[in-house]
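Coordinate analysis (summary)
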Amino acid sequence: MLPHKKIRILVVDDEPSIRESLSGWLRQDGFEVDTAADGVAALAMTKENHYDIMLIDVKMPEMDGLTLLKKLKETEPEAAVVMMTAHGAIQDAVDAMRLGAYDYLLKPFDLEELSLTVDKLVRLQTLAMENLILKDRMATMTRFENLIGQSPPMLALFEAIVDVAQTDATVLITGETGTGKELVARAIHAQSPRCYGPFIAINCGAFTEHLLESELFGHEKGAFTDAKFAKKGRLEMADAGTLFLDEIGDISMKMQIDLLRVLETHEFSRVGGTVTLHSDFRVIAATNRDLKEAIAQKTFRQDLYYRLNVVHLHVPPLRERVEDIPLLAHHFLRRFATETNKKIDSIHPDALEALKRYGWPGNVRELENAIERAVVVQKGRQIKVDDLPFITQPGQEPAAAKLTLEEMERQHIARILAAQGGNISTTAKILGINRTTLYHKIKKYGLSP
Amino acid sequence: MSQRAFLGLVALGPVDPEILRRLRIALTKFFGLRAKVLRPQPLPEQTRHIVRQQYHSTQLLEYLLATNTSGALRVLGVTAVDLYIPILTFVFGEAQLNGQAAVISLYRPRGDADGTSPPQAVVLRRLLKLGIHELGHTFGLGHCREEGCLMGFAPTLEKLDHKNLAFCKYCQVLLADFFLERHISPHFKKYEGILLPDAAIPARESARKRRR
């Protein structure tokens, strides 16, 4: 699961006024907060959502805080738990620490005490997240592939790429996850007059707000605790080249304000710096989100949208260009066969048919992974249907035949949800149901958005 | 929303009228919206915690809303008593995020809790910061982590004193957006650095200035 950028907190207390006041205070501090009235409800909620921090009262009916803590240590070992206990119940706090609680607070607590405890936990969880993100980045950095297709929508896209490459206009690329938006951006750069300059990509969705700020703008030595050296930001590095802002729909409102200013003036300062820097870069942004919907929901600024959406290119999902599937499949087959030193040189017509029938919620990236897996498991010279078990239609595969309709639905929703990075709107659109129905099904099947 | 949107100040229990007057002038200067001192209200007994000898700020917000019929865009309660919410030992003030009411207390800024007696200008400055901060919440602003920003969280008087009497560039933009979306036209759109009303100017002097 990808790490959450926004810290999510669960407050568990049987006293409604405590739940309300504590959650209200935490929300004002910018956290996403849910509440539960007892341990049983809290456990049920942790099955549906991931919480980074949990504030749990010790004395509660149904299931007390210490029992809840024991259970959480088995099911949610990464969550940081703070126990809340009344004065005079220090033994409970000691027991809680023995059971793995991060800290405890004596009720009623001081504003400063609460603030310090939450800040500590946020730092702890943010570090854990960043660790995951950096590992993920290292894995994706090594991959490269070409844009391939001969279907009408792809031919139209190639034409648009050639046209837009000659200009310096800002481009917004939209398309589902795995369709190859970065490849489109690279193609524009490669055919533009800036092709001898750098192509600097940044996945805006993969960073916390402060890390993204430092990555984009750079920082001076001593700008924050870990800034032992001054560092150039991506804006500076993209001078005379192209800056690719991937997952632009995921950036915070504050970063949107900063970015808008930079896009207007091309001037900025490093974090902790006072010198105004200028960089000559062309901007290409990409997103799998519906930015118009984000504007309506006030999570994306309209002025930034207009600034980015000077030229709009849409990369079609793989299911809308089925005729490209054999071409792509053979391309990946050649690549992985060479990499693994295997003599596989063809795909059985039945397997090719199965590939064309499948919906590919994860698009080209999912196809690439499917072929890679098939190459690994195949011992002969040809990829067969059996090498692609997960895309076989229901009824053709013995394992699938044993599944109930509900289980099939659960698996299908989970797969598409994962392929869309948890985006409810696009998942609902692909499934052909409305968002409310999707929420109900997510809750019913205990899935994580 | 008309251009005549105004902020209402309500004394909850006995509050020095001079403090309210200076607060009114400073809030008008800061937000560019007229602030009016509204009819004072008694402190409702049911909001008092007998053991803690404090008043429940969340209940005071509900009381403010129930008693306010002035048509004010936002109403700010000012009280001299100490405030609390059940989970915290005390609060300087409380506001409804994106709501209509906010309340602040003079009790701790005036040094009643720690026995200090800071100069009147310091007390006023603290109270103004609290008032602007809590009203900021009613205008949809959350706590801000920008250094010195008035929307930053300050759990102690020391930290409150270190905050600027201004919003950071982000909060300024977000507040301006908030007003723009609701067609509210403040007199200006820069929420930074105002001068406090001169402590030396007596009430009738400032009234004469207004007539001129």
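All of these numbers come straight from a predicted model, not from anything done at the bench. Each chain has its residues counted from 1, running along the sequence as written. Just so you know, chain letters begin at A and ligand numbers begin at 1, following the order they were written in. Predicted model: local features are reported for residues with pLDDT of at least 70 only, side-chain atom pairs are reported and counted for 80 or more only, and whole-chain, interface and lining totals are derived from all residues.

1. With respect to unusual backbone geometry
Note: most residues except glycine have negative phi, and most peptide bonds are trans. Residue and element names in this part refer to chain A. Going by this rule: Only DSSP runs of H or I with at least four residues qualify as helices, and only runs of E with at least two residues qualify as strands; both kinds are numbered from the N terminus onward.
That bond from Lys107 to Pro108 is cis: its omega, -15°, falls within 30 degrees of zero. Structurally, Pro108 is set in the loop between strand E5 (103-107) and helix H5 (111-141). Here the phi dihedral of His266 falls at roughly 60°; this positive angle occurs in a residue that is not glycine.

2. Examining the sheet that holds E5 of chain A
Each strand in a sheet pairs with another by means of backbone hydrogen bonds, the pair being arranged parallel or else antiparallel. Residues and elements named next belong to chain A. Spelled out, the test is: Two strands form a pair only when DSSP identifies at least two bridges running between them. All axes are obtained by fitting lines to C-alpha atoms, using only the stretch in contact for helices, and the reported angles, taken between N-to-C directions, cover 0 to 180 degrees.
In space, the five strands of this open sheet follow the order E2-E1-E3-E4-E5, with parallel pairing throughout. Of all the strands in the sheet, just strand E2 (32-36) and E5 have a single pairing partner and so form its edges. With direction set aside, neighbouring strand axes in the sheet form an average angle of 20°. Of the strand pairs in this sheet, strand E1 (residues 8-12) and E2 are connected by five bridges, and their pairing is parallel.

3. A look at the confidence of the model for chain B
Residues and elements named next belong to chain B. Selection rule: pLDDT measures how confident the predictor is about each residue, on a scale from 0 to 100. Here, residue contact means that the backbone-derived C-beta atoms of the two residues sit within 7 Å.
Here chain B averages 87 in pLDDT, and 87% of its residues register 70 or above. The element-level mean pLDDT for chain B is lowest in helix H6 (residues 203-211), coming to 45, with strand E5 (residues 74-79) highest at 98. Every residue in residues 198-212 scores below 50 in pLDDT, and together they form four contacts with partners more than four places removed in sequence or on other chains.

4. Overview of the interface of chain B and chain A
Definition in use: Ten residue types, Ala, Val, Leu, Ile, Met, Phe, Trp, Tyr, Cys and Pro, are classed as nonpolar, four, Asp, Glu, Lys and Arg, as charged, and the remainder, Gly among them, as polar.
Listed by partner, the interface residues are 16 residues for chain B and 17 residues for chain A. Split by residue class, the side of chain B that touches chain A holds ten nonpolar, six polar and no charged.

5. As for the environment of Ala238 of chain A
Residues and elements named next belong to chain A. Just so we agree on the cut-off: Counting other C-beta atoms within 10 Å of a residue's C-beta gives its exposure: the residue is buried at 20 or more, exposed at 12 or fewer, and partly exposed in between, where C-beta atoms are placed from the backbone.
Inspection of the secondary structure assignment puts Ala238 in the loop between helix H9 (234-237) and strand E10 (242-246). Exposure remark for Ala238: the 24 C-beta atoms within 10 Å place this residue in the buried category. Sequence separation of Ala238 and Arg282 is 44 residues, and the distance between their C-alpha atoms is 8.2 Å. Residues contacting Ala238, with those up to four places away along its chain left out, are Pro198, Ile200, Leu243, Ser279 and Phe281.

6. Focus on the packing of helix H13 (residues 325-340) of chain A against helix H14 (residues 349-357) of chain A
All names here are of chain A. Rules: Whether a crossing is left-handed or right-handed is set by the direction in which the near helix is turned from the far one by less than a right angle, anticlockwise for left-handed and clockwise for right-handed.
Contact geometry for H13 and H14: axes closest at 10 Å, N-to-C directions at 120°. Seen along the crossing, H13 lies across H14 with a hand that is right-handed. Where H13 approaches H14, its residues Ile325, Pro326 and Ala329 are matched on the opposing element by Leu352, Leu355 and Lys356.

7. With respect to the sheet that holds strand E6 (residues 83-84) of chain B
All names here are of chain B. Across the sheet, which stays open at both edges, the three strands sit in the order E3-E4-E6 with mixed pairing between neighbours. Where the open sheet ends on each side, the last strands, each with one partner, are strand E3 (48-49) and E6. Relative to E6, strand E4 (residues 54-56) runs parallel, the two sharing two bridges. Paired with Tyr55 across the strands is Leu83, a residue of E6. Contacts between helix H2 (residues 57-67) and the sheet are confined to E4 and E6, with E4 contributing the most and set at about 55° to the helix.

8. Describing the nonpolar core
The nonpolar side chains of a soluble globular protein tend to be buried with one another. The test is simple: By convention in this section, buried Ala, Val, Leu, Ile, Met, Phe, Trp, Tyr and Cys residues joined through C-beta atoms within 7 Å make up a nonpolar core.
Counting 91 residues, the largest nonpolar core has Leu55 and Val81 of chain A together with Leu7 and Cys171 of chain B as the members making the most contacts within it. Discounting residues that sit within four places of it in the chain, Leu7 of chain B has contacts with Leu27, Phe31, Leu33, Ala35, Ala72, Leu73, Arg74, Leu76 and Leu135 of chain B. Among the nonpolar cores identified, the runner-up in size contains 40 residues, and Met154, Ile161, Leu172 and Phe268 of chain A belong to it.

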